[in-house]
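Single-letter residue listing:
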Amino acid sequence: MSERSRTGLLVAVILALLAGMFIGALGTTVLLRTSIGSAGDLKAREAIALQALIAAPDGIAGPDLVHARATQAFAASFVNAAASLDATASLEDRQRIVDIARWIDAGDALSAQDASGASIWAQAAAACIVATPDAPRDAATCVKAAAPAAVTPTPD
């Protein structure tokens, strides 16, 4: 039997490896670009929202107004996080939300606020989470059911 040349097979294998490396590099570049771009967008939105908390027509708002706006923004954000607790993938983030709920519940942190819907709902959401810390689906359902009749601003 005569030995056949394996040069063609070797060239084909090398070309396949190079093509795979090219496709992998291209895919990695696209994924990194997408994730970095998304993080940049989130940070820009965060900066815009934070500026809105301290802005006034003539410059920076007074301390009382900034405090009220920041508290309302926190309350609305907390309600959103609590209502979607069962969809939070990170166990560390979920535990941090439970810790924040305990902090709110133990000190009635938002009950002294100006009885806005978001503050009332955030206080109720904290109580829901504290009551069922190991059952995120039950806690999220409770948070959604605890919505006061007039919620302003309306969380997502």
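Look a little higher up for the structure.
All figures in this text were calculated on a predicted structure; none of them were measured in a lab.

S.K.: Help me understand the overall build of the protein chain, please; the structure alone is not making it clear to me.
M.R.: Along its length, the protein chain carries 5 helices and 2 strands. Tracing the protein chain from N to C terminus, the helices and strands come up as α-β-β-α-α-α-α. Buried positions account for 24% of the 156 residues belonging to the protein chain. Counted over contacts in the protein chain with a minimum sequence separation of 6, partners at least 24 positions apart contribute 59%.

S.K.: In this structure, what is going on with the state of the cysteines? I would like to understand it.
M.R.: Disulfides are covalent bonds that link the sulfur atoms of two cysteine residues. Per the counting criterion, the structure on display carries 1 disulfide. Covalent S-S linkage joins Cys 128 and Cys 142, the inter-sulfur distance amounting to 2.0 Å. Taking the torsion about the sulfur-sulfur bond, which here is approximately -60°, the covalent link between Cys 128 and Cys 142 counts as left-handed. Taken together, the residues Cys 128 in helix 4 (residues 117-131) and Cys 142 in helix 5 (residues 136-145) connect sequence positions 14 residues apart. Judged by relative accessible area, which is 6%, Cys 128 ranks as buried.

S.K.: In this structure, what is going on with the packing of aromatic side chains? I would like to understand it.
M.R.: We describe a pair of aromatic rings using the distance from one ring centre to the other and the angle between the two ring planes. In this structure the tally under the stated criterion is 2 aromatic pairs. When the ring of Phe 74 is compared with that of Trp 103, the centres are 6.4 Å apart and the planes differ by 75°; the resulting orientation is edge-to-face. Highlighted residues: Phe 74 in helix 2 (residues 63-83) and Trp 103 in helix 3 (residues 91-107), separated in sequence by 29 residues. In textbook terms, an aromatic cluster arises when at least three aromatic residues are bridged by ring pairs, as seen for Phe 74, Phe 78 and Trp 103.

S.K.: What exactly am I supposed to notice about helix 3 here?
M.R.: A rise of 1.5 Å per residue sets the reference length of helix 3, with its 17 residues, at 24 Å; its end C-alpha atoms lie 24 Å apart and thus fit the reference within 8%. Every buried residue of helix 3 is accounted for by Arg 94, Ile 97, Val 98, Ile 100, Ala 101 and Ile 104. Down the axis of helix 3, the buried set is contained in an arc of 160°. They therefore lie on one face. In helix 3, the exposed positions that point more than 90 degrees away from the buried face belong to Leu 91, Glu 92, Arg 96, Trp 103, Ala 106 and Gly 107.

S.K.: What's the story with a nonpolar patch on the surface in this structure? I'm lost.
M.R.: On the surface, a cluster of nonpolar side chains totalling about 590 Å² of accessible area is made up of Leu 10, Val 11, Ile 14, Leu 15, Leu 18 and Met 21. Using a relative accessible area of 48% as the deciding quantity, one classes Leu 18 as partly exposed.

S.K.: It is not clear to me how the layout of surface pockets should be interpreted in this structure. Could you clarify?
M.R.: One way to see where empty space is left: roll a probe the size of a water molecule over the atoms. As a volume, the largest pocket reaches approximately 450 Å³. Forming the boundary of the largest pocket are Leu 42, Glu 46, Ala 49, Leu 50, Leu 53, Ala 70, Ala 73, Phe 74, Ser 77 and Asn 80. At the level of secondary structure, the elements contributing two or more residues to the lining of the largest pocket comprise helix 1 (7-54) and helix 2. Split by residue class, the lining of the largest pocket holds 7 nonpolar, 2 polar and 1 charged.

S.K.: It is not clear to me how the nonpolar core should be interpreted in this structure. Could you clarify?
M.R.: As a rule of thumb, soluble globular proteins bury nonpolar side chains together. Counting 21 residues, the largest nonpolar core has Phe 78, Ala 82, Ile 104, Ala 122, Ile 129 and Val 143 as the members making the most contacts within it. Of all the secondary-structure elements, those providing two or more residues to this core are helix 2, helix 3, helix 4 and helix 5. Residue contributions to this core peak at 7 residues, all from helix 4. With near-sequence residues (within four places) excluded, Ala 122 lies in contact with Ala 75, Phe 78, Val 79, Ile 104 and Leu 110.

S.K.: How should I be thinking about the pattern of salt bridges in this particular structure?
M.R.: Side-chain pairing between opposite charges can occur once the charged atoms of the two side chains come close. One pass over the structure, following the stated rule, counts 1 salt bridge. Residue Arg 102 pairs with Asp 99 through a salt bridge whose shortest N-O separation is 3.7 Å. Remark: Asp 99 and Arg 102 occur in helix 3; sequence separation between them is 3 residues, near one turn of the helix. For Asp 99, a relative accessible area of 33% gives the class partly exposed.

Cut-offs applied
Residues numbered from 1 in each chain as written. Predicted model: local features only at pLDDT ≥ 70, side-chain atom pairs only at ≥ 80, totals over all residues. Heavy atoms only, no water. Helix = DSSP H or I, 4+ residues; strand = E, 2+ residues; numbered from the N terminus. Buried < 20%, exposed > 50% of the residue type's maximum accessible area, 1.4 Å probe, protein only. Contact = heavy atoms within 4.5 Å. Disulfide = S-S within 2.5 Å. Phe/Tyr/Trp six-rings, centres within 6.5 Å; stacked < 30°, edge-to-face > 60°. Expected span 1.5 Å × (residues − 1). Arc of directions from axis to C-beta. Patch = residues over 30% accessible without salt bridge, like charges linked within 9 Å, V, L, I, M, F, W, Y side chains within 5 Å. Areas by Shrake-Rupley, 256 points an atom, 1.4 Å probe, with all protein chains shown as cover. Salt bridge = Lys/Arg side-chain N within 4 Å of Asp/Glu carboxyl O. 1 Å grid on protein atoms, 1.4 Å probe; cavity = no way out; pocket = protein on both sides within 12 Å on 5 of 7 lines; lining within 4 Å. Points joined across faces, edges and corners; volume = space filled by probe spheres on them. Nonpolar A, V, L, I, M, F, W, Y, C, P; charged D, E, K, R; others polar. Core = buried A, V, L, I, M, F, W, Y, C linked by side-chain atoms within 4.5 Å.

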